[in-house]
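Residue-level structure breakdown
Here is what each chain is made of, one letter per residue.
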Amino acid sequence: MRTALTLSDLDYRFLATTPLFAGIAEQDIQAKLVALGAVIRSYPKGAFIHLEGDRVHTMSLVLRGRVHIEHDDVWGNRALLGQAETGDLFAEAYAAMGDEPLLIHVVAAEDTDVLCLDVSRILTIRAGQHWEYPRLTANLLHILARKNLSLSRRMLHTAPKTIRGRVLSYLSFLATKTQSRRFTIPFDRQQMADYLGVDRSALSAELSKMQKEGLLRYRKSDFFLTGAKLLDE
């Protein structure tokens, strides 16, 4: 069992490389963390960080580990909407909206430490004050825009009616993004099925069929698109 992080353990050089603190000098980050009421919380693998229906007022930055953003329907079917890895932010949109209940839940995909920050202190200006966090606000807006594009992209991947169509959409995107026919997806097979909104057994059967047809080769999360043509080839 690893030791949980504390505020005194924070690596400000690492924080300066994250999207939230991009462009902010390392020596200025500590003061901003104090002003934002920073708190570190630790979760074991499988623990719920946020539950559907919760109201959150802090956004969280992953310091170590990884979390999954999930949704369960009333029949118990689970959809994996996304994930946040080390350096990523989550729950920022709900925290910015105040009392909006979560439509999703957040689960620690592995032992995880997160840095919780009071987003209202970034967005609120009191009478007579100047705007204290222009760079943080700009970074947060960029993160929200990127998340919106990511959700839109998932909608494109799940739009095809067939499993093959969804697989081809997702793998085509990754091949184009990496400009390579060989890449590693960030999911195991169950997570991939959840992300694409399909049954795991049916997904495995379709991947096996596509491999036999010579469309791709794969081993666990490593894929090679044998018939794909990319711009650099």
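In short, a report on the structure. Predicted, not measured: the structure shown is a model, and the values here were computed from it.

Another point: the overall build of the chain. Tallying secondary structure elements over the chain gives 8 helices and 11 strands in all. With the C-alpha coordinates of the chain rotated into their principal frame, the extents come out at 65 × 45 × 40 Å. Classification of the 233 residues of the chain by burial places 39% in the buried group. The long-range fraction of contacts in the chain, counting pairs at least 24 apart against all pairs at least 6 apart in sequence, stands at 70%. Per element, the accessible surface of the chain, about 13100 Å² overall, is 54% carbon and sulfur. On the chain, the mean spot of the 30 positive side-chain charges and the mean spot of the 27 negative ones are 7 Å from each other.

Turning next to the pairing of strand E4 (residues 66-72). Within E4, 5 of the 7 residues are buried, which leaves the element mostly enclosed by the surrounding structure. As judged from the 7 bridges shared by E4 and strand E5 (residues 78-85), these two strands associate in the antiparallel manner. Residue Asp-72 lies in a different strand from E5, and its bridge partner there is Arg-78. The hairpin formed by E4 and E5 contains 5 residues between the paired strands, and Gly-76 there has a positive phi angle of roughly 90 degrees.

One open sheet holds the 3 strands; their spatial order is E9-E11-E10, and the pairing between them is antiparallel. Where the open sheet ends on each side, the last strands, each with one partner, are strand E9 (182-184) and strand E10 (217-219). Mean inter-strand twist for the sheet, computed between neighbouring axes without regard to direction, equals 15 degrees. As paired elements, E9 and strand E11 (residues 222-224) share 3 bridges and run antiparallel to each other. Note that in E11 the partner of Phe-183 across the bridge is Phe-223.

For the rest of this paragraph, the subject is the environment of Leu-196. Tracing the sequence through the fold places Leu-196 in helix H7 (residues 189-196). Separated by 39 residues in the primary sequence, Leu-196 and His-157 place their C-alpha atoms 6.8 Å from one another. Excluding anything up to four places from it in sequence, Leu-196 contacts His-157, Thr-158, Arg-166, Val-167 and Tyr-170.

Turning our attention to the packing of aromatic side chains. One pass over the structure, following the stated rule, counts 5 aromatic pairs. A cation sits over an aromatic face here: Arg-154 above Tyr-195, 5.4 Å from the ring centre.

Attention now goes to the pattern of salt bridges. The tally for this structure, following the rule as stated, stands at 6 salt bridges. Residue Glu-92 pairs with Lys-147 through a salt bridge whose shortest N-O separation is 2.8 Å. Residue Glu-92 is located in helix H3 (residues 92-97), and its partner Lys-147 is located in helix H5 (residues 134-158); the two are separated by 55 residues in the primary sequence. Glu-92 sits in the buried class, given a relative accessible area of 4%.

Mapped onto the elements, Asp-194 comes out in helix H7. The contacts of Asp-194, once residues within four sequence positions are left out, are Arg-78, Ala-79, Leu-80 and Arg-154.

Take the sheet that holds strand E8 (residues 112-118) next. Strand order in the open sheet formed by 4 strands is E1-E8-E3-E6, with antiparallel pairing between adjacent strands. Both outer strands of the open sheet, strand E1 (39-43) and strand E6 (89-90), are each paired with one neighbouring strand and no more. Sheet topology note: the strand E3 (residues 58-64)/E6 ladder contains 2 bridges and is antiparallel. Following the sheet pairing, Leu-61 is matched in E6 by Leu-89.

Procedures and definitions
Residues numbered from 1 in each chain as written. Predicted model: local features only at pLDDT ≥ 70, side-chain atom pairs only at ≥ 80, totals over all residues. Heavy atoms only, no water. Helix = DSSP H or I, 4+ residues; strand = E, 2+ residues; numbered from the N terminus. Buried < 20%, exposed > 50% of the residue type's maximum accessible area, 1.4 Å probe, protein only. Contact = heavy atoms within 4.5 Å. Areas by Shrake-Rupley, 256 points an atom, 1.4 Å probe, with all protein chains shown as cover. Lys, Arg positive; Asp, Glu negative; His and termini not counted. Charge placed at Lys NZ, Arg CZ, Asp CG, Glu CD. Pairing = 2+ DSSP bridges. Axes fitted to C-alpha atoms, helices over the stretch in contact; angles between N-to-C directions. Phe/Tyr/Trp six-rings, centres within 6.5 Å; stacked < 30°, edge-to-face > 60°. Lys NZ or Arg CZ within 6 Å of the ring centre and 35° of its normal. Salt bridge = Lys/Arg side-chain N within 4 Å of Asp/Glu carboxyl O.

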